[in-house]
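# Topology and contacts: notes
Residue-level listing of the chains:
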Amino acid sequence: MTLAHDAAAASFAALTHKLDYLDEADIRRVRDAYRFADEAHLGQFRASGEPYITHPIAVAGLCADWKLDAQAIMAALMHDAMEDCGVTKIELIERFGAPTAEIVDGLTKLDKLQFSTKEESQAESFRKMLLAMARDVRVILIKLADRLHNMRTMDAMVSHKRARIARETLDIYVPIAHRLGLNQTYRELQELSFQYINPWRHSVLSKAVKKTRGNRRDLVDRIRKEVEEAFHDADMQVEVYGREKTIFSIYNKMIEKHLSFAQVSDIFGFRIVARELLDCYRALGVLHQLYKPLPGRFKDYIAIPKANGYQSLHTTLVNPVGTAVEFQIRSQAMHAVAEKGIAAHWMYKEQDAADDASPQQAAVWLQSLIDIQHETRDSAEFLEHLKIDLFPESVYVLTPKSRIVALPKGATLVDFAYAIHSGVGDRCVSAKVNGEPVALRTELRSGDVVEIITAASAKPNPSWLNFVRTGRARSKIRHYLKNMEAEESLELGEKLLGQALRAEGLTLPAGDENSEGAAGQLWQGLTRWGGNRSRDELLADIGLGRKIATMVAKRLAQLMAETGAKPDALTLTLGRFSDETPSHGSVIIDGSEGATVQLAPCCCPVPGDPIAGYLGRGEGLVVHTQSCGVGKRLFERDSERWIDVSWSDEPARLFETAVKVLVANGKGVLAQVAAAISSAETDITHIEMGDERLGETAELKLTLSVRDAEHLADVIRTLKRCPVVLKAERFSQ
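Residues numbered from 1 in each chain as written. Predicted model: local features only at pLDDT ≥ 70, side-chain atom pairs only at ≥ 80, totals over all residues. Heavy atoms only, no water.

To continue, consider the overall build of the protein chain. When helices and strands are counted, the protein chain shows 28 helices and 20 strands. Looking at the protein chain as a whole, 48% of its 733 residues qualify as buried. Restricting to contacts in the protein chain with at least 6 residues of sequence separation, those with at least 24 account for 69%. Looking at the protein chain as shown, the accessible area adds up to about 36500 Å², and 50% of this sits on carbon and sulfur atoms. (Helix = DSSP H or I, 4+ residues; strand = E, 2+ residues; numbered from the N terminus. Buried < 20%, exposed > 50% of the residue type's maximum accessible area, 1.4 Å probe, protein only. Contact = heavy atoms within 4.5 Å. Areas by Shrake-Rupley, 256 points an atom, 1.4 Å probe, with all protein chains shown as cover.)

This part takes up the packing of aromatic side chains. Taken as a whole and assessed by the stated rule, the structure comprises 7 aromatic pairs. Ring centres of Trp-647 and Phe-655 lie 5.5 Å apart, and the angle between their planes is 80°; this geometry places the pair in the edge-to-face category. Across this residue pair, the class does not change: Trp-647 and Phe-655 are buried. Three or more aromatic residues joined by ring pairs form one cluster here, namely Phe-194, Phe-248 and Tyr-251. In this structure, Arg-535 packs its charged tip against the face of Trp-523, placed 5.1 Å from the ring centre. (Phe/Tyr/Trp six-rings, centres within 6.5 Å; stacked < 30°, edge-to-face > 60°. Lys NZ or Arg CZ within 6 Å of the ring centre and 35° of its normal.)

Another point: the environment of Leu-148. Relative to the assigned elements, Leu-148 resides in helix H9 (residues 137–152). Sequence-distant contacts of Leu-148, defined by excluding residues within four places in its chain, comprise Leu-62, Thr-185, Glu-188, Leu-189 and Leu-192.

Looking at the secondary structure, you find Asn-532 in the loop between helix H22 (518–530) and helix H23 (535–543). Residue Asn-532 is classed as buried on the basis of its relative accessible area, which comes to 9%. A polar contact of 3.1 Å, which involves the side chain of Asn-532, links it to the side chain of Glu-537. (Polar contact = N/O pair within 3.5 Å; in protein donor to acceptor, adjacent residues only side chain to side chain.)

Here the focus is the sheet that holds strand E17 (residues 655–664). The strands that make up a sheet pair up through hydrogen bonds in the backbone, lying either parallel or antiparallel. A sheet is described by the order of its strands in space; here 4 strands give the open sequence E18-E19-E17-E20, paired in antiparallel fashion. Single-partner strands in this sheet number two, and they are strand E18 (683–689) and strand E20 (725–730). Along the sheet, successive strands turn relative to each other by an average axial angle of 25°, direction set aside. Sheet topology places E17 next to strand E19 (residues 697–706); 10 bridges connect them, and they run antiparallel. Paired with Val-661 across the strands is Leu-700, a residue of E19. Relative to E19, helix H27 (residues 669–679) is tilted by about 30°, and along the sheet it contacts E17, E18, E19 and E20. (Pairing = 2+ DSSP bridges. Axes fitted to C-alpha atoms, helices over the stretch in contact; angles between N-to-C directions.)

It is worth spelling out the sheet that holds strand E9 (residues 428–433) at this point. Across the sheet, 3 strands lie side by side as E10-E9-E11; this open sheet has antiparallel pairing. In the strand order of this sheet, the two ends are held by strand E10 (436–438) and strand E11 (450–454), each with one partner. For this sheet the average axis-to-axis angle between neighbouring strands, irrespective of direction, equals 35°. Relative to E11, E9 is paired through 5 bridges, and the arrangement is antiparallel. Each residue of the ladder has a partner; that of Cys-428, found in E11, is Thr-454. Taken strand by strand, helix H19 (residues 413–420) contacts E9, E10 and E11, and its axis lies near 80° from that of E11.

You can see Gly-447 is positioned in the loop between E10 and E11. As for Gly-447 and Val-397, which are separated by 50 residues in sequence, their C-alpha atoms are 5.0 Å apart.

Turning our eyes to something else, we now look at a positive patch on the surface. A cluster of basic side chains, namely Lys-257, Arg-297, Lys-299 and Lys-306, defines a positive patch on the protein surface. Position of Lys-299 among the secondary structure elements: in strand E4 (residues 299–300). Its relative accessible area of 42% is what places Lys-299 among the partly exposed residues. (Patch = residues over 30% accessible without salt bridge, like charges linked within 9 Å, V, L, I, M, F, W, Y side chains within 5 Å. Salt bridge = Lys/Arg side-chain N within 4 Å of Asp/Glu carboxyl O. Lys, Arg positive; Asp, Glu negative; His and termini not counted. Charge placed at Lys NZ, Arg CZ, Asp CG, Glu CD.)

This paragraph deals with the pairing of strand E14 (residues 611–616). Within E14, 6 of the 6 residues are buried, which leaves it mostly tucked inside the rest of the structure. Of the two faces of E14, the one holding Ile-611, Gly-613 and Leu-615 and the one holding Ala-612, Tyr-614 and Gly-616 are both buried throughout. Direction of pairing for E14 relative to strand E16 (residues 642–647): antiparallel, over a ladder of 2 bridges. Of the residues in E16, the one forming a bridge with Gly-613 is Ile-643.

We now examine unusual backbone geometry. Residues other than glycine seldom take positive phi values, yet Asp-235 does so here, at roughly 55°. Tracing the backbone through its elements, the reader meets Asp-235 in the loop between helix H12 (199–233) and strand E1 (239–244). The backbone of Asn-434 sits at a positive phi, close to 55°, despite the residue not being glycine.

It is worth spelling out the packing of H9 against helix H11 (residues 183–197) at this point. As a packed pair, H9 and H11 sit with axes 10 Å apart at the nearest point and diverge in direction by 35°. In this structure, H9 crosses over H11, and the sense of that crossing is left-handed. For the pair formed by H9 and H11, the contact residues are Leu-144, Arg-147, Leu-148, Met-151 and Arg-152 on the first element and Thr-185, Glu-188, Leu-189, Leu-192, Ser-193 and Tyr-196 on the second. In the contact of H9 with H11, the residues fall into 6 nonpolar, 2 polar and 3 charged. (Left-handed = near helix turned anticlockwise from the far one by under 90°. Nonpolar A, V, L, I, M, F, W, Y, C, P; charged D, E, K, R; others polar.)

Before going further, it helps to spend a moment on the nonpolar core. Counting 94 residues, the largest nonpolar core has Met-78 and Phe-327 as the members making the most contacts within it. The residues contacting Phe-327, other than those within four sequence positions of it, are Ile-223, Val-227, Phe-270, Ile-272, Leu-287, Tyr-291, Leu-313, His-314, Thr-315 and Leu-317. (Core = buried A, V, L, I, M, F, W, Y, C linked by side-chain atoms within 4.5 Å.)

An ideal rise of 1.5 Å per residue puts 16 Å on 12 residues; helix H3 (residues 54–65) measures up with 17 Å between its terminal C-alpha atoms. Along H3, 10 of the 12 residues are buried, which leaves the element largely enclosed by surrounding structure. (Expected span 1.5 Å × (residues − 1).)

Right, let's talk about the pairing of strand E5 (residues 313–318) for a bit. Within E5, 5 of the 6 residues are buried, which leaves the element mostly enclosed by the surrounding structure. Across 2 bridges, the pairing between strand E3 (residues 292–293) and E5 is antiparallel. Across the sheet, residue Pro-293 finds its bridge partner in E5, namely Leu-317. The pairing of E4 with E5 spans 2 bridges and is classified as antiparallel. Across the sheet, Asp-300 pairs through a bridge with Leu-313, a residue of E5. Judged from the 6 bridges that link them, E5 and strand E6 (residues 324–331) form a sheet pairing that is antiparallel.

By themselves, these are just geometric observations and shouldn't be taken as functional.
Now the structure itself:
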């Protein structure tokens, strides 16, 4: 057995002495985890030359100081096994159970994140992301223990690396420790970070504090003695501790208040720990009778706790030689929370129900753990209590370049794309999350690395409005669609007016209302007549159905006649229409039209269907099948708004239509129907089932993507051949 192995074994033996709060079965499981980690890290060494396993043992020791449960101690021992040793999550589940494997997996994911910028806003986002990712608070506690041990043993590293890690610790992990109320860890991490970031300043201030400590030792001893005597006379049992400000907090106070070291008065203070809550207020009275309080320097954090659950009374008193001394007064339960924060749940079990902390005494998220003071040893129930999400309303995801983007919970890839840039959102066609292709409507989770794929020809899809969560994405999509609608309605209006004017034997004048000569005057006169501000607005109104093209064409023909223009026989022949159907000309439909040309959802026309176009008021052109009941009612009421439309010989896309299928209910019916549809080379884009789905038969309403009416007929024939299908037909409202 090597010396290195002996050292590791001795370290683990020291750890087992701290585990006396666990039962024998749990200690055996911890020992198994140690053997597994020791074998996994065999041959690995730290920068200091020590066997690597000494680090996980030390981290587990810190977790044992917080009295964390066996699963957390096991995870602490194996926290680097997946990242550094190629151990899989499946292996850990089989050997140590899912809860422990989940903690190790959570720690591995956090280790992969790289903080790449010193910007304060990014640091805050990174902190929130770490907390949001750690649904089990033990993940964060082990991570903090890991960072604390690394900071304690950084001397073997090169100086620039020490400074970088210390800066990251100060920016990221110190605020997390404070957020969780881990004051002891928070102060030590702060102090160690300052020591490595500003070694010279830390050294100078340390010497100054030591010198002051020596000068004031007599005074501190005298105050402690007088305070203890005062509580003895009042027949109160309290614990009195001397408290010294950290070097970092002294330095911060000097910087913030522009003070010299000699001007910082509260380097030393005292902490009074009483038995119960009411004793805190009694202790305050005893102190105020002993020394004079400074006006305006009293804070009641018991009645109004800090956000991380911290509770104490703070008062500043004038000591016998005239200098100010701060006293903190708290109960034993409050002291446990103040020092260990969220970890106090494992450490502190208050037997007196009267001293239970109430929602008024601690932040709700911390209270939810501390209140479970008499829980059973059932690990499943215990694990359920530990599931928390400290930032439930947000998710924090990364770009491939490690920029953090905060989004509301439920946000999708389209929300992310618009959060990056409106151009990225407008042009996005697909995306990858953690390297895997996913649908654009996929909801994001904290820690996801997201890559958006764009195409120059892509444009926003109106259906995105059904699932985006952010106001930015919604407004950008609407803005784009509105602009696109204006362009398309203008184009359609110009086409319709041109066709209607050909029926008068004329062609559209070139230019617009700003053009010089006769053309400009014609457009000015026409827009004034129509009540529009410009040619484009008039044409857009025609495209949206707000104005009838034939009426505008007749007025334009009058204006042109006044200038001497005469109908052209050839143009008149090209623009002649049939007398059978009121019409403004024929529009070709190929599926590439935008928002101003819609296929009516009531009849879902597809290429091959006889169709007609209705110019709705403000809706643009709506295409119905000629047999559509809704279309027939509109024709009877508003016949002058109908125009001839026809299908292009080469449609540009697939078209959605509805099919109603009656099936014999049974196991695997839906799979058989889907297989039949797939064999006919089409896709189901939507499916609805009637309420009678538990009976002998069920009716399915399917939305299918087809090429044309012939393709649809082929799909229906294929469905009818399916053994479970009783009836299949096209469906319209």
